[in-house]
Amino acid sequence: MDSSPTEDDLMEEDSSDLFINFPPEVQKAIDEVLPCRDSLDEPDFNTIDYINTLFPTEQSLSNIDEVVIKMENQIHTINNEISTVIRGQIDASKDGREALDESQKIIKQLFVHIKDIKERAEKSEEMVREITRDIKQLDCAKRNLTLAITTLNHLHMLVGGVDTLKSLTQKRLYGEIALPLQAISEVMTHFENYSDIPQVKSLSDQVNSIRFELAEQITHDFKEAFQGPNNRAHLPNKQLQQACLVISILDPKVKRELLKWFVDLQLQEYDHLFQETEDTAWLDKIDKRYAWIKRHLLEFEDRLGNMFPQQWEVSERIAVQFCHKTREELSKIMVKRKSEIDVKLLLYAIQKTSAFENLLFKRFTGVTLRENLEDSLKGNNKLPTASGCPINGALKEESSTSGDESDMITSPFNGLIGRCFIPHLEIYIDSVDRNLADLIERFIQDEKQHRPTENTETQAAILPSCPDLFVFYKKSMIQCNQLDRGQSMLSLTRTFQKYLYEYAEKLLQSNLPKVEGQSLGSSVQNFTKDLQKMSTSGIIQNFSSLLKEGEVVRFTKEEQTKICCILSTAEYCLETTQQLQDKLKEKIEPQLADQVDLSKEQDQFHKVISNCIQLLVQDLENACDPSLSSMSKIQWQNIDAVGDQSSYITLITTQLKTTVPIIRDNLAHSRKYFTQFCIKFANSFIPKFVQNIYKCKPINTEGNFLWNKYLGKESLSIFSGAEQLLLDTHMLKTVLLNLPSIASQINRSAPAAYSKVVTKGMTKAEMILKIVMTPVEPPKNFVDQCKKLLPECPLAEFYKILEMKTVRRQEQAILVDMFKSQK
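Residues numbered from 1 in each chain as written. Predicted model: local features only at pLDDT ≥ 70, side-chain atom pairs only at ≥ 80, totals over all residues. Heavy atoms only, no water.

Turning our eyes to something else, we now look at the overall build of the protein. From N to C terminus, the protein includes 31 helices and 0 strands. Per-residue burial for the protein yields a buried fraction of 39% across its 823 residues. Look at the contacts in the protein between residues 6 or more apart in sequence, and 78% of them connect residues 24 or more apart. On the protein, roughly 48,500 Å² of surface is accessible, and the fraction owed to carbon and sulfur atoms is 54%. (Helix = DSSP H or I, 4+ residues; strand = E, 2+ residues; numbered from the N terminus. Buried < 20%, exposed > 50% of the residue type's maximum accessible area, 1.4 Å probe, protein only. Contact = heavy atoms within 4.5 Å. Areas by Shrake-Rupley, 256 points an atom, 1.4 Å probe, with all protein chains shown as cover.)

See the structure below:
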């Protein structure tokens, strides 16, 4: 069979080549620029559809000649447009070629012009270089000439100035020396590089000789004026005042030595009056030292203040040297007479010293201390900083410290004298220790006398000793912080720790009421002692109560209140101890802050709180124990019908309504600990209740479900005891869920954590009873129900459930095997 293409195929192939197929995005762009208005322009044009459109019916074929003529005219028009476009493209191509040739000619001309400009620029640069070469030479010559003229002028000034200074020095005309000496000193700096020239070196030596001579001469004049034969009659004169201006120009060492001699001279009387052997040298007369220096400074400024330049700060230098001398002398004498120092004398001396240092800060700027900082460090006179300042101000109450606190922090004079007291502050710490010991002992005695507790609107009743203790702590901390922020503050912290622990033990833990088991005989004996004090009704009531409770001893309302009071006190101590720790860390020097840790003391108060809650829980449990005991003694298997809640539930509810409101009212401002009490009671009481359920036999002893069925008894009659227990359990669950607000006029939702504990525990009790009510036949259904209701039931409890149902031993073995197999 011939597989060559047919004529029709070839014609179709040729026709397909006539179409130009553009990509979709190109076709979209063409459509936007040239919207399609004729179906012939459509890319998917179909000739048959087009013809059918032109001739939809046979009658329309009569117009075929008109359509053909129209088509021929349209073809002719398109041919003309195509010819016009082609001719236009040819003309544009010729114009573009001519424009390109013209552009190339212009570029060549531009390149030639640029090359010419570059050559001219290089020639111009060379010309400028030749011109500036001469200018640089002239400029260098000018600088050298100027320097030479300046040097000659300086040399002329130096030669003339040396002769002038020699003459003025011999005549002691210090007022006329100052300016020339200043000028010559500045001129000499210009000749430092010419010291190898003999003439310059000679002039330099002469100037140094004059400066040395002036220093010797002025120093001699001062000593003659203040230590000579006529020194008492000496008054500041203009010559010494002008000499001070000359001293300011000389070597700074001359000024330092002169001032040191003068300051020591001013303090000679002080050294004599307050030497170690004098009575005025001891701490009890320390205020006389400060009175002397204040009086002396006033006299000095009145007589000699105008003689020295103000920037010399001579008065401040005298005061600072006085502080150094005083600190050294006090340190020596306190070491020798340490046994005579008591806390009262020490605090008195510190108070007077701190007040004097504050006075210096108000009077002087401390500029001399900053100038001589390096010398002070070498002489072991370290200037205290704000953070390490040992004496931080006079001893004041907290209310009066706020106004001067900023001054005390920034004063450079703080501790200038007071540092000498730091080694002896152990006396102060020992005093605080003794005072705290006495305070704790007084608290103990007051507690034995049953001082009433204090109630406020912001906190529950607390022991009155508690605020007193922390007020003492606060005052001691403020006082010690004003004395020393270093080791003394750390020692005080340890003292605080010691007595916080003692307070927790001796005032809180030791005063908790004791839970003591009393025998019936001892209870009766105590009851007999008070027999005559009671009315007949009271005797009957108490005796009845005694018989009911047996060996159980309940807390009285007063004891319950006391436990709550101690709990609230421990809570107050816990919170305040944390605040105390934060404050101590803030007050102590930063490098010691990590050693301040009161966590052990806080743990002790936590322990007291836990003990209080445990006592309250135990007391309430003791109140409920007789009711739980009576519960297990009821003959549950003899109950034929379910009635109201049992009497033991009523008794438990009564005990809860009697006890819980007392605790709630006393812990009204400690809600979290009241909630803890409720949770602990629920966690302890509910398991006891469950254990007592296991002791009950709510199923009759006539046999199992099949046996009773055989005897013709109704299946539900054997579960009446279990149903009553289930009712009691539900009623108790309702009471326990409402325990936090029981017997309260305000209906408040119980905390979620508490409700969760009660719901979980009491639901387990209900599930146990529902399992007890489930027939053991068939055994598999019984075991499945047990697994469903108590998914985490251990084997021991499963045995207890079987005992409650009075299942025979042989049947128990079968059920236990099935129970184990489903583990």
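Time to look at the state of the cysteines. Enumeration according to the criterion identifies 0 disulfides in this entry. Cysteine cysteine 565 is unpaired, with the sulfur of cysteine 564 as its nearest cysteine sulfur at 8.8 Å. Cysteine 565 sits in the buried class, given a relative accessible area of 4%. Here cysteine 793 stays free of any disulfide, with the sulfur of cysteine 786 as its closest cysteine sulfur at 4.5 Å. (Disulfide = S-S within 2.5 Å.)

Time to look at a negative patch on the surface. On the surface, Asp91, Asp95, Glu98, Asp101 and Glu102 cluster together into a patch of negative charge. Following the sequence through the fold, glutamate 102 ends up in helix 4 (residues 64-171). (Patch = residues over 30% accessible without salt bridge, like charges linked within 9 Å, V, L, I, M, F, W, Y side chains within 5 Å. Salt bridge = Lys/Arg side-chain N within 4 Å of Asp/Glu carboxyl O. Lys, Arg positive; Asp, Glu negative; His and termini not counted. Charge placed at Lys NZ, Arg CZ, Asp CG, Glu CD.)

By the burial criterion, the buried members of helix 29 (residues 779-789) are Phe782, Val783, Cys786, Lys787 and Leu789. Where helix 29 is buried, its residues touch helix 28 (752-772), helix 30 (795-804) and helix 31 (809-821).

To continue, consider the environment of glycine 761. Structurally, the position occupied by glycine 761 is in helix 28. Judged by its relative accessible area of 16%, glycine 761 is buried. A sequence separation of 79 residues divides glycine 761 from alanine 682, and the C-alpha atoms of the two residues are 8.2 Å apart. The residues contacting glycine 761, other than those within four sequence positions of it, are Ile686 and Val690.

The next point concerns the nonpolar core. The biggest cluster of nonpolar side chains holds 176 residues, and the ones touching the most others in it are Phe222 and Tyr503. Looking at this core, the element that brings in the most residues is helix 25 (residues 671-695), giving 13 residues. The residues touching phenylalanine 222, leaving out its near neighbours within four places in the chain, are Leu240, Ala243, Cys244, Leu258, Trp261, Met307 and Phe308. (Core = buried A, V, L, I, M, F, W, Y, C linked by side-chain atoms within 4.5 Å.)

Turning next to the packing of aromatic side chains. Summed over all chains, the structure comprises 23 aromatic pairs. Relative to phenylalanine 262, the ring of phenylalanine 226 lies with its centre 5.3 Å away and its plane at 75 degrees, an arrangement referred to as edge-to-face. Of this pair, phenylalanine 226 sits in helix 6 (residues 198-227) while phenylalanine 262 sits in helix 8 (residues 252-266), placing them 36 residues apart in sequence. Side by side, phenylalanine 226 and phenylalanine 262 carry an identical accessibility label, which is buried. (Phe/Tyr/Trp six-rings, centres within 6.5 Å; stacked < 30°, edge-to-face > 60°.)

Residue placement: glutamate 571 occurs in helix 22 (residues 557-587). We note that glutamate 571 is buried and unpaired, the nearest opposite charge coming from lysine 672 at a distance of 4.8 Å.

Orientation of helix 25 relative to helix 30, taken along the N-to-C sense of each, is 45 degrees, at an axis distance of 8 Å. Taken together, the axes of helix 25 and helix 30 lie oblique to each other. Within the contact between the two elements, helix 25 uses Gln691, Ile693 and Tyr694 and helix 30 uses Glu797, Lys800, Ile801 and Met804. Within the contact of helix 25 with helix 30, the residues separate by chemical class into 4 nonpolar, 1 polar and 2 charged. (Axes fitted to C-alpha atoms, helices over the stretch in contact; angles between N-to-C directions. Parallel < 35°, antiparallel > 145°, perpendicular 65-115°, else oblique. Nonpolar A, V, L, I, M, F, W, Y, C, P; charged D, E, K, R; others polar.)

Following the criterion strictly, the structure yields 22 salt bridges and no others. Between lysine 764 and glutamate 797 there is a salt bridge whose closest N-O contact spans 3.0 Å. Placement of the pair is lysine 764 in helix 28 and glutamate 797 in helix 30, with a sequence separation of 33 residues. Residue glutamate 797 is classed as buried on the basis of its relative accessible area, which comes to 12%. Here the salt bridges share partners, and the residues they tie into one network are Asp279, Asp284 and Lys285.

Moving on: the side chain of arginine 289. Note on placement: arginine 289 falls in helix 10 (residues 286-303). Buried and unpaired, arginine 289 has no salt bridge, with glutamate 329 as the nearest side chain of opposite charge at 6.1 Å. Reaching out from arginine 289, the side chain makes a polar contact with the backbone oxygen of alanine 281 at a distance of 3.0 Å. (Polar contact = N/O pair within 3.5 Å; in protein donor to acceptor, adjacent residues only side chain to side chain.)

Before going further, it helps to examine a nonpolar patch on the surface. Together, Ile78, Ile82, Ile86 and Ile90 line one region of the surface with nonpolar side chains, adding up to about 340 Å² of accessible area. If you trace the backbone, isoleucine 78 turns up in helix 4.

One can describe the packing of helix 25 onto helix 27 (residues 720-737) by two numbers: an axis separation of 13 Å at closest approach and a directional angle of 175 degrees. The angle between the axes of helix 25 and helix 27 places the two elements in the roughly antiparallel class. Only Thr729, Leu732 and Leu736 of helix 27 make contact with helix 25, whose side of the interface consists of Phe681, Phe685, Ile686, Phe689 and Ile693. Residues belonging to the contact of helix 25 with helix 27 are distributed by class as follows: 7 nonpolar, 1 polar and no charged.

Cis geometry marks the peptide bond from glutamate 777 to proline 778; its omega dihedral reads -5 degrees. Within the secondary structure, proline 778 sits in the loop between helix 28 and helix 29. Its identity is not glycine, yet glutamate 313 carries a phi of approximately 50 degrees, on the positive side. Counting through the fold element by element, glutamate 313 comes out in the loop between helix 10 and helix 11 (314-336).

What follows covers the environment of histidine 296. Tracing the chain through its elements places histidine 296 in helix 10. Sequence separation of histidine 296 and glutamine 266 is 30 residues, and the distance between their C-alpha atoms is 8.5 Å.

Confidence in the prediction of the protein, expressed as mean pLDDT, is 79, and 75% of residues score 70 or more. In the model, residues 10-16 has pLDDT below 50 throughout and makes 1 contact with residues more than four positions away in sequence or in other chains. (pLDDT = per-residue confidence, 0-100.)

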